[in-house]
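Commentary on secondary and tertiary structure
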Amino acid sequence: MEKERSLPKRPWDTCREVPIIEDEQTPWKMIKLLRVIALCVVALFVFGLAFCSKTSFLLLITLANEGTKILLDEQKPVALLCIGCAIIAPSVLLLLKSIWKACYKTSKLPDKTTVALVLFLEFLVSVGAAILTIVAMPHLDIVTNVTILSSVAIFPAVLQIVAQCTAKERNRFLLPSITAFILILLGFILFLVLYITKDPTDTQMAIWVGLAVGGVFLVSLNWWENYFRVICENTNSIFLKILCKDIAKCQNMLHIFSSVLRIAVTACVLGAYVPLANMDWDVVTSIPSRETRIIAIIIGVQLISSALCHWFALAACKMHALRRCFILPLYLASLAVMALFVIPVIVYYQDYKLSLSGTESINFTGYCNLVVDGRSQSANGSVFPDLVLDVTHTLCFLDMSTIFDIGMLTGLAVSWWLGLTLATVHLWYLSLYRIQRTQDLFIGRFYEGGFLEQSLLLNVRFDIQKIVKLSKQFTPLEPVKVFLCATMWHETYDEMMKIIISIFRLDKYRPQTEDATRDVTFEGHIYFDDAFRDVPGSQGRHVNEYAEMLVDIIREVYSIFVNIDKDIFNEQQQIPDQKLVRTPYGGRVVVRMPYGTSLVVHFKDKQLIRHKKRWSQVMYLYYLLGWKVSTKYFQSWEKGGEEPELMRQFEKEKHNTYLLALDGDTDFQPAAVMLLIDRLKLYPRVGAACGRIHPTGSGPMVWYQKFEYAVGHWLHKTAEHVFGCVLCSPGCFSLFRASALMDDNVMKKYTIKASEAQHYIQYDQGEDRWLCTLLLKQGWRVEYNAASDAYTNAPEEFKEFYNQRRRWGPSTMANIVDLLGDTTLITNRNPSMSRPYMLYQLFSLASSILSPSTVVLMIAGCLTVLLDIHPNAALVLAVIPPAIILGISFKIKSDTQIIIAAVMSTLYAFIMMIAAIVVIGNMIKDQTILTPSSIFLIALMCFYTVTALLHPQEVGVVIYGFLYIICIPSAYLLLAIYSMVNMNNVSWGTRETAPPPGAAKPAAAAPQTTLQKAKSKITKFFSRAKCCGKPCWREHTEELLEDQEVEQEPEPQNTTVEDVRNPEEEQRQEEPIFDCPNQCWISQLQSLSDDMHLQEDTLDQHEEQFFRELITTYLEPLPENKKKQKEMAKKLKDLRSKITFAYFMCNAFWLVTTFVLQLVDSVSIQVPKLDTNLQFTGEYIYIDPVGIMFILAFALLVVIQFFAMLYHRANTLIHYVAFLDTESISEKQRQQVQEVADDEPDNHDDFMFPNVLRRRYERGTMV
């Protein structure tokens, strides 16, 4: 039956302004291509490095075999020593890492029983590894040596069987584990038959075979912990459970003990075996150069390839490419090594047979006697033929011409390889998190040098796989709750549109429906500062034009998202009714978004609650964490709930509750939020994580900031993340953990009112940095995720930019000085903050302080090049302008200072540009690039270019680097002067609006008489009662403000003739005239549009009481005290004077030192000048030692940051590839969910939305 059709509400208004659904900022095609390339590269590296590691290790064993020719018999100890080094290298690395953790992180001592058990097992494993590789394997053939390493899976197979049998439910890998055990045993049987039956009278060979089998069994104990953990989970033994917990808790100290034991045992076995084998260690120092070079190359390849293979294997698992880039390459590595060793042997043998005349024939035994063992040692020539013949020698005791020997050898090799494959077949179905922690992914030690691929495969976490599980699935962690907390004030239409669209994107990305993915739930909150105003003729206060605009934008965006996929003739879904609620702080608008997520807009009245950003943050911290999270547990405890269980649930909810701090103009994609959530989900000590902030806008100031932000994130933030912690997680886009914010000395201390001059600088001028300082002091880690992109508007005007940095600069220094002052406390409490990292921050702070003098020296160098004058004269000329600006800045207004700074910035930019052109011209003229200026210029360009190329998504930003360089004097000299001189100005400086043009200032109110005050209070009481029929939450605050005379009611003009008034006239004057169409903010917002109906609702009584108590305790409006304000202004000026004096005295000292050293020629360093052919020109360059030391220190800092960036880039790529793989699965599931209130399914993959709708704010209607 055809559906009934209905006419749209406005058929003439069906044109739509619809945002583009895809993400415009992220180059998805390039990222997907990069993902494919990354996966291929990682797979190739894992395979290639495992291949190199195993090949080089087996070559060392071959060189130690008796009868091989590359090394003489008396030189075999060298090969044995290298085998020992390959075995103990992982233990040395693990020991160093564990000692570092013990020094800078928390390490607990294990119980004596735990130590005894672990060391006993480690002793057996180390003895077995040393006997197998040093004693037994040099006497076996190459095919057996390649595959006997796979037989170490025998005991893991037994433990798998035990672990799966102790599980309460049937599991799917019991049969493969049993089969693996049988195959490995079969391989040992074939091995014993082959070697023992070949010559039953050879007792020496029987000993080697027995040692090999015994060594394998002992080595196979190495992975006991992986299965012991699973067994303990399913056992009823209290002892085993306690033992398992102690092992997991004290793993670092156990690694130290076990590593030392392994090194000692391997050294003892090696030291005892060489004399027993009638060999002498003295030969180690007398190896010929050819043999030394061969040995050095082989052991070098083995050590490096093993370590790198472990890192790439770990990366493959974290990239969620376990099958493609980890398991398969490691399986194939053993087969490739077998082919590498066997094929050349066959080819050489066949070539020799073909080289004989037709009448002669020779079998493999004859070939060995005549060619392999009968050759003489070659001191020169190619090494490869000798290696092939030495490998062939290991097979000579077998008759490879007979089917029996070939069959037995092939059988044992296949049995062992298949046994390992079946023992690790569960890895193909292993469930991993998006980015797995190393300690959760690999249970045991690093890796084993001689058993690389076996140790990597057997080290991966073993989980019981139930038989009902049919395929590999992504296992989500515990669900988390994310509160989106945006603060607003005077944002423009476009800025508000950005944040609202971003919030609606999240609603569509994670719909709150029954069948939707429940790993993350969102709840949006917007805190709007100073949202109310007085309107003449109205009984109650109204929201201002910015608040009206926000509500209209919500209606507009709601209409877009609810009808985004509908055709024009489909029935357009109307916006459901939303709620308006009166609150003690003003009011709120409660919106249920199209896909179920809640969005609450809190309109704050500054007469009722304290305003400004930090106090909005305090408000949402206590409301969301104190009221919504904490209160319910205390209420349950009051009703008799069990305290331990309530505490466990409370801690769990705090741990899994996050706050996403946003600015009112932030634009972000859902993927960016999920990437931040990953960091907090998987790393419990991460208290906050920030993303990559991109400034948006147009004009030269924005271009400069784009490059500045890029360099700051590329280098500074990555270095902080890698070597320690990020010191500032910006409030425009950062995710915080509730348990970190609710920790001691964090949320409570954040409510402190500024009472000292330095408090205004540290607390209110950079509140996000101060909050991170509190987190770091409590031991929480703050991280940076470069893959999480967010976009925010940057200042486009010179004045706004200077005022913004005037706040940021001093607050940054104040917080860093605060951290450095508590170095001992922080390094003891925070495992991520070490003393070397604090030294790095100290050097960075010193560089920032000396940046003005460094710029002056740079300008002096430019003047020297331009004017061809003495460096000291140029230095004097360079010092004069900033000195004059500094002096007069104390006497002139800030606006005048900015005008002067703008003019001087332009002049300095021209000087820098001309100097750069002159330097390039001199390079061409002198035919040399080896001058200080040219080296600095070229090195800077190359450094920034390489850094940009490592960020392909942002490589275009490098074109703004030229503007950044010529603006260095403005940013690091003039801005420093402006920031220091105006440090006493603690106003926000940005988004400050002036009264409308032509608006007259309100006249000062005349003092009221007692009778007038009484009448005014009575009138207010009745007007509150009549305001829209509901009482207002303003009684207490208005009375307070009246008593403090902050805001006085205007009086009648003729108050002096009150006693002779006409009664009718007096009554007419006393009654207020309410002629405004909307008598309060409720009716005002309800009248905005017919498309979204706003129904008034009431606030819960308990929540109302909470807000009253919160305002009284922390957020009561600050009274205006002129006397205290004057005292604080004086203290701020005194603080400004002290800090400015110390700041510029440091710079003056640096300049004077440079001046004196340039004056004394004998102190300078003489450097020969070279031409382009690196030939000496006969001239010298003179550099003062202080300057060269500063340049070297700066270069060292840059190099440290560069290597930190490389490491961070690799980890970012790993995370991003894993995100693309796992999110695609959940997105496919999400697309199967039926759209809200829609009969047809959504056919668009539209979880990425646009940046912003570009249009001016109008009172129009959008469908």
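Along each chain, residue indices are assigned from 1 in the same order as the chain's sequence is written. The predicted origin of the model limits local features to residues at a pLDDT of at least 70 and limits the giving and counting of side-chain atom pairs to 80 or more, whereas totals for whole chains, interfaces and linings rest on all residues. Side-chain numbers here rest on the full set of heavy atoms in the structure, without hydrogens or water.

Of regular secondary structure, the chain possesses 42 helices and 15 strands. Exposure classes here rest on a 1.4 Å probe applied to the protein chains alone. A residue is buried below 20% of its type maximum, exposed above 50%, and partly exposed in between. For the chain, with 1263 residues in total, the buried portion stands at 53%. The criterion used for residue contact is that any of the two residues' heavy atoms lie within 4.5 Å. By sequence separation, contacts in the chain at least 24 residues apart represent 82% of the contacts at least 6 residues apart. For the area figures, the Shrake-Rupley method with a 1.4 Å probe applies, and any residue is considered shielded solely by the protein chains shown. Element-wise, carbon and sulfur atoms account for 63% of the exposed surface of the chain, whose accessible area totals about 57,300 Å². Counting from the N terminus, the helices are the DSSP runs of H or I reaching at least four residues and the strands are the DSSP runs of E reaching at least two.

Moving on: the sheet that holds strand E7 (residues 598-604). A pair of strands is labelled paired if DSSP reports no fewer than 2 bridges between them. Strand order in the open sheet made by the 11 strands is E9-E12-E10-E11-E8-E1-E2-E7-E6-E5-E13, with mixed pairing throughout. Each edge of the open sheet carries a strand with a single partner, namely strand E9 (667-668) and strand E13 (1094-1097). Alignment of strand E8 (residues 657-663) against strand E11 (residues 733-737), held across 5 bridges, turns out to be antiparallel. Each bridged residue has a counterpart across the sheet, and for Leu662 the counterpart in E11 is Phe733. With respect to the sheet, helix H20 (residues 613-638) is in contact with strand E1 (480-488), strand E2 (520-528), strand E6 (586-592), E7 and E8, its orientation differing from that of E2 by roughly 140°. Fitted lines through C-alpha atoms give the axes, limited to the stretch in contact for helices. The angle between two N-to-C directions lies from 0 to 180 degrees. The sheet strands contacting helix H23 (residues 700-723) are strand E10 (686-696) and strand E12 (781-793), and the helix crosses E10 at an angle near 155°.

Before going further, it helps to examine the confidence of the model for the chain. Predicted confidence across the chain gives a mean pLDDT of 81, with 81% of residues reaching 70 or more. Scored from 0 to 100, pLDDT records how confident the predictor is in each individual residue. Taken as a whole, residues 467-475 scores under 50 in pLDDT and shows 22 contacts with residues more than four places along the chain or in a different chain.

The geometry of helix H11 (residues 289-318) relative to helix H12 (residues 322-355) is characterised by a closest axis approach of 8 Å and an angle of 145° between their N-to-C directions. Crossing handedness for the pair H11 and H12: left-handed. Residue-level contacts link Ala313, Ala316 and Cys317 of H11 to Leu322, Cys325 and Phe326 of H12. In this classification, the charged set is Asp, Glu, Lys and Arg, the nonpolar set is Ala, Val, Leu, Ile, Met, Phe, Trp, Tyr, Cys and Pro, and all remaining amino acids, among them Gly, are polar. Split into classes, the residues belonging to the contact of H11 with H12 amount to 6 nonpolar, no polar and no charged. What makes a crossing left-handed is the near helix being turned counterclockwise from the far one by less than a right angle; a clockwise turn instead makes it right-handed.

For our purposes a nonpolar core is just a set of buried Ala, Val, Leu, Ile, Met, Phe, Trp, Tyr and Cys residues, chained together by side-chain atoms within 4.5 Å. Ranked by internal contacts, the top residues of the largest apolar core, which has 139 residues, are Ile83, Ile134, Phe191, Phe326 and Leu456. Core analysis: the second largest hydrophobic core is formed by 122 residues, Phe483, Leu624, Leu741 and Met1128 among them.

It is worth spelling out a nonpolar patch on the surface at this point. Note that patches include only residues with greater than 30% relative accessible area and no salt bridge, and the join distances are 9 Å for like charges and 5 Å for nonpolar side chains (Val, Leu, Ile, Met, Phe, Trp, Tyr). A side-chain nitrogen of Lys or Arg and a carboxyl oxygen of Asp or Glu constitute a salt bridge if their distance falls within 4 Å. On the surface, a nonpolar cluster with roughly 500 Å² of combined accessible area is contributed by Leu867, Val876, Leu877, Ile880, Ile884 and Ile888. Looking at the nonpolar patch, the element that brings in the most residues is helix H31 (residues 871-889), giving 5 residues. Along the chain, Ile884 falls in helix H31.

Below, the discussion takes up the pattern of salt bridges. A complete count under the given rule lists 33 salt bridges for this structure. With a shortest N-O distance of 2.6 Å, Lys54 and Glu453 are connected by a salt bridge. One end of the pair, Lys54, is in helix H1 (residues 28-63); the other, Glu453, is in helix H17 (residues 452-459), and 399 residues separate them in sequence. One exposure class covers both Lys54 and Glu453, and it is buried. With its nearest N and O atoms 3.9 Å apart, the salt bridge here joins Asp530 to Lys606. With Asp530 in the loop between E2 and strand E3 (532-533) and Lys606 in the loop between E7 and H20, this pair connects stretches of sequence that are 76 residues apart. Judged by its relative accessible area of 15%, Asp530 falls in the buried class. Given the relative accessible area of 38%, Lys606 is considered partly exposed. Taken together, the salt bridges that share partners define one network made up of Glu122, Arg262 and Glu448.

Turning to the environment of Pro27, a few remarks are in order. With respect to the helices and strands, Pro27 occurs in the segment before H1. Between the C-alpha atoms of Pro27 and Gln953, which are 926 residues apart in sequence, the distance is 7.0 Å.

Positive charges come from Lys and Arg, negative ones from Asp and Glu, while His and the chain ends are left out of the count. Charge positions come from single atoms, namely NZ of Lys, CZ of Arg, CG of Asp or CD of Glu. On the surface, Lys108, Lys241, Lys245 and Lys249 cluster together into a positively charged patch. Considering the arrangement of structural elements, one finds Lys108 in the loop between helix H2 (76-104) and helix H3 (112-136).

Position of His139 among the secondary structure elements: in the loop between H3 and helix H4 (142-148). Assessed through its relative accessible area of 13%, His139 is described here as buried. Here His139 is in contact with Asn65, Glu66, Met205, Trp208 and Tyr273, once residues within four sequence places are set aside.

Unoccupied space between atoms shows up once a probe the size of one water molecule is rolled over them. Definitions used throughout: a 1 Å grid over protein atoms alone; a cavity as a set of points that fits a 1.4 Å probe which cannot get out; a pocket as an open set with protein on both sides within 12 Å along at least five of seven lines; a lining residue as one with an atom within 4 Å of a point. Grid points are joined across faces, edges and corners, and a volume is the space filled by probe spheres set on the points. In this structure the tally under the stated criterion is 12 cavities of 30 Å³ or more. Its volume calculated, the largest cavity comes out at about 210 Å³. Lining the largest cavity are 19 residues, and of these Glu122, Glu225, His255, Gly444 and Arg445 lie nearest its centre. Contributing elements (two or more residues each) for the lining of the largest cavity: H3, helix H8 (224-233), helix H10 (251-276) and H17. The greatest single-element share of the lining of the largest cavity, amounting to 4 residues, is contributed by H10. Residue classes in the lining of the largest cavity are distributed as 7 nonpolar, 8 polar and 4 charged.

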